[in-house]
Amino acid sequence: MSCPSAEELSALYDGVVPRDAARALREHLSTCPRCAQEFATLHRLLKVAARPAVPAGLAQRARGLTRSSPPGKSIRPEQRLSRQKPRSLSRR
Ligand SMILES: [Zn+2]
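It should be emphasised that the depicted structure is a prediction, and the values quoted were computed from it without experimental measurement.

Let's talk about the overall build of the chain
Then, number 1: For the chain, the count of helices and strands is four helices and zero strands.
Then, number 2: What you see in the chain, going N to C, is helices and strands ordered as α-α-α-α.

As for the confidence of the model for the chain
Then, number 1: For the chain, mean pLDDT is 79; residues scoring 70 or higher make up 64% of the total.
Then, number 2: Taken element by element, the predicted model of the chain shows its lowest mean pLDDT in helix α4 (residues 56-68) (71) and its highest in helix α2 (residues 19-31) (95).

Thoughts on the packing of helix α1 (residues 6-14) against helix α3 (residues 33-50)
Then, number 1: At a closest axis distance of 10 Å, the pairing of α1 and α3 adopts a crossing angle of 60°. Classified by the interaxial angle, the pair formed by α1 and α3 is oblique. Between α1 and α3 lies a crossing of right-handed hand. Contacts from A6, L9, S10 and Y13 in α1 reach E38, F39, L42, H43 and L46 in α3.
Then, number 2: Of the residues contributing to the contact of α1 with α3, the split by class is six nonpolar, two polar and one charged.

Cut-offs applied
Residues numbered from 1 in each chain as written. Predicted model: local features only at pLDDT ≥ 70, side-chain atom pairs only at ≥ 80, totals over all residues. Helix = DSSP H or I, 4+ residues; strand = E, 2+ residues; numbered from the N terminus. pLDDT = per-residue confidence, 0-100. Axes fitted to C-alpha atoms, helices over the stretch in contact; angles between N-to-C directions. Parallel < 35°, antiparallel > 145°, perpendicular 65-115°, else oblique. Left-handed = near helix turned anticlockwise from the far one by under 90°. Contact = placed C-beta atoms within 7 Å. Nonpolar A, V, L, I, M, F, W, Y, C, P; charged D, E, K, R; others polar.

Now the structure itself:
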C-alpha cells in the first residue's frame, strides 16, 4: 500500500473512512513511521484547533456534571456458577 495523503489521514481521524479502508490505513500507520508521525502531528493540530476556548475550571465542572448523571445501562451481576461437588456416599 502506498502512503496515504494528508486528506486520507484527516478522514481517518474524523472517522469518515469506511471500516475496511480505515483498517488498512491503521495497519499502514503501524508499519510506516513517517505516516505515523504525520498522523500524530495531524492529531495534535486538530486537537488544538478543536479545543474550545473555555477556562479549564469550567470545562472540568461541566465534565463533573455529565459524570454525575446515572449511567443508562444496568450492569448485570456476575453469574455465579455454583460448584456442586458430587456427593459421595459416606460408607464406612
Ligand atoms: Zn506511509
